Amino acid sequence: MRKMKQIGAFCLAAVLASAGSGTVYAGSPEFARTAEEWAGLQDNIMEYGELADLIHEYNLTVQKNQLDISDKKKDGRITSDENAQYYRDAASDYRDAITGENPLSDAQNAVGASNADAQADNNVEDINVYQMGYDQEEANLVSSAQTSMISYFKQQYELESTKASLEYLQAVYDSAKAKLNLGTGTQIQVLSAKKDLQDANTSIEKLTASIEETRQNLCIMLGWNYNDTPQIQELPIIDQEKITSMNPEKDVEAALKNNYTLNINTRKLENASSDVTKETLKRTIMNNKQNISADLVKSYQSVLMAQSACEQAKAEMELEKKNLDTAERKYQNSIVSRLEYLKQMNTSNTKVIAVKTSELNLLEAVQNYENAVSGLASTGG
């Protein structure tokens, strides 16, 4: 499948209609990006650094939201007063539908009119509130895609580690059977070794299925068909200077300024007319600010913990590499058995994979912190 950029005045309705045919058109017109930028987004390569742009151009939820904003503008639902009038008109339509001929229908229309009146009286939405809400949804989709792509590689590494352990587990099983035949082992040892081998093979099957599911979800989210096979690029390695530059005490200012929920509630407060609604929103905003600050500190602490875990994993890997070198020399000189050598090899491989996984955990923690600063810090319940 190839992704196509939107040409001229091509409407978004056609965009959505084309999705089923395997061609997904971009949400932006051709002039919105350079030819080089479009080429990067339209190739068959999935890159971590392009996730935000791919979501913006090809995610169907984002495109539907763009359509909804366009419809609201056409319907004259720009200001909060115009939006309230939309509900009043709906209430009037409900009342006009009350004919006195059908009690059940009349009761339903009466309830609809009452609800619409309440929405009009309590309305705090305008086009800005809707747009900020959709921007927040898009940012959350990007965050979800980032998490999924990281998870994809975590599962790949886990699968690699499990496959690498099969030779050792098979050797343990074979050794247990040989000892049983010689009268130096037990049936329980044989069964235990067999179960470990079977569990590893089961894990491989489950991981393979889970990796494919994650890949398909990513494809759909980013504008490919589920059965397309884009090349998924390796993830970036975290620059340690980026962590050093983090400062939640300073970054909180940007986190507050950018926070979607806080900005939405602030705008709603500006639109509110009733004293009760105003007071409720003021308390909500105060809680939002406190929770944003707390969440940023929490995210920063997660980065430091992930960084420490990564350093520890690297130290353990280096130690086991040395142990493996020693075991290999002893094995070549017939000082240790093949089983003992395979055990050390398996331990060393496990530590190598642990480093790769810890680096992904660090990437994820740093990304969560950056997303919090960019507007996604938790504002509480």
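A few words on the overall build of the protein. Looking only at helices and strands, one finds 13 helices and 4 strands in the protein. A buried classification covers 39% of the 381 residues belonging to the protein. Residue pairs in contact within the protein that sit at least 24 positions apart in sequence constitute 75% of those at least 6 positions apart. For the protein, the computed accessible surface area is about 21000 Å², with 50% contributed by carbon and sulfur atoms.

Time to look at the nonpolar core. In this structure, M46, I55, M149, F153, L222, L235 and V303 are the most contacted members of the largest nonpolar core, which totals 51 residues. Going through the elements one at a time, α2 (35–42), α3 (51–58), α7 (127–182), α8 (187–222), α10 (248–258), α12 (275–332) and α13 (338–376) are the ones with two or more residues in this core. In this structure, L169, A176, L197 and L342 belong to the second largest nonpolar core, which totals 10 residues.

Turning next to the confidence of the model for the protein. Confidence in the prediction for the protein averages 92 pLDDT; 93% of positions are at 70 or higher. Counting interchain partners and residues more than four positions distant, the pLDDT-below-50 stretch residues 5–22 has 33 contacts.

When you line up the elements, K72 lands in helix α4 (residues 60–74). When residues no more than four places from it in sequence are discounted, the contact partners of K72 are R77, I127, Y130 and Y134.

A word on α7. Between the first and last C-alpha of α7 there are 81 Å, a value that for 56 residues agrees with the 82 Å anticipated at 1.5 Å per step. In the structure, α7 departs most strongly from a straight axis at L166, where the bend amounts to approximately 35°. The backbone nitrogen of N128 has a side-chain oxygen 3.0 Å away, supplied by the residue at the start of α7, namely D126. Backbone geometry just downstream of α7 places G183 in the positive-phi region, at approximately 85°.

It is worth spelling out the environment of D93 at this point. Within the secondary structure, D93 sits in helix α5 (residues 80–96). Here D93 falls in the exposed class, since its relative accessible area comes to 52%.

This paragraph deals with the packing of aromatic side chains. Summed over the entire model, instances satisfying the criterion amount to 4 aromatic pairs. Note on Y152 and F153: the rings are 5.2 Å apart at their centroids and 90° apart in plane angle, and the pair reads as edge-to-face. Like F153, Y152 is buried. The ring of W38 is capped by R33, whose NZ or CZ atom sits 5.8 Å from the centre of that ring. Between K72 and the ring centre of Y130, over which it is positioned, the NZ or CZ distance is 4.4 Å.

Within this structure, the stated rule accounts for 15 salt bridges. Between D199 and K195 there is a salt bridge; the shortest N-O distance is 2.8 Å. Of this pair, D199 and K195 both sit in helix α8, separated by 4 residues, roughly a single helical turn. Residue classification places K195 among the partly exposed residues on the basis of a relative accessible area of 48%.

Before going further, it helps to spend a moment on unusual backbone geometry. In the Ramachandran plot, S334 falls in the positive-phi region, its phi being about 60° despite a non-glycine side chain. With respect to the helices, strands and loops of the structure, S334 is situated in the loop between α12 and α13.

Turning to the side chain of T162, a few remarks are in order. Topologically, T162 is positioned in helix α7. Take T162: its relative accessible area is 14%, and that puts it in the buried class. In this structure the side chain of T162 is engaged in a polar contact, spanning 2.8 Å, whose partner is the backbone oxygen of E158. Excluding its chain neighbours within four sequence positions, the residues that come into contact with T162 are A200, S203, I204 and L207.

We now examine α2. Taken residue by residue, α2 has W38, G40 and L41 as its buried positions. Down the axis of α2, the buried side of the element spans an arc of 160°, and every buried residue falls inside it. Residues of α2 that are exposed and point more than 90 degrees away from the buried face comprise A35 and E36.

Considering the arrangement of structural elements, one finds N44 in the loop between α2 and β3 (45–46). Of the residues examined, N44 reaches a relative accessible area of 37% and is grouped as partly exposed. Between the alpha carbons of N44 and E311 there is a distance of 35 Å; along the sequence they are 267 residues apart. A polar side-chain atom of N44 sits 2.8 Å from a polar atom in the side chain of W224.

Parameters and conventions
Residues numbered from 1 in each chain as written. Predicted model: local features only at pLDDT ≥ 70, side-chain atom pairs only at ≥ 80, totals over all residues. Heavy atoms only, no water. Helix = DSSP H or I, 4+ residues; strand = E, 2+ residues; numbered from the N terminus. Buried < 20%, exposed > 50% of the residue type's maximum accessible area, 1.4 Å probe, protein only. Contact = heavy atoms within 4.5 Å. Areas by Shrake-Rupley, 256 points an atom, 1.4 Å probe, with all protein chains shown as cover. Core = buried A, V, L, I, M, F, W, Y, C linked by side-chain atoms within 4.5 Å. pLDDT = per-residue confidence, 0-100. Expected span 1.5 Å × (residues − 1). Bend = angle between axes of the 7 residues up to and from the residue. Polar contact = N/O pair within 3.5 Å; in protein donor to acceptor, adjacent residues only side chain to side chain. Phe/Tyr/Trp six-rings, centres within 6.5 Å; stacked < 30°, edge-to-face > 60°. Lys NZ or Arg CZ within 6 Å of the ring centre and 35° of its normal. Salt bridge = Lys/Arg side-chain N within 4 Å of Asp/Glu carboxyl O. Arc of directions from axis to C-beta.

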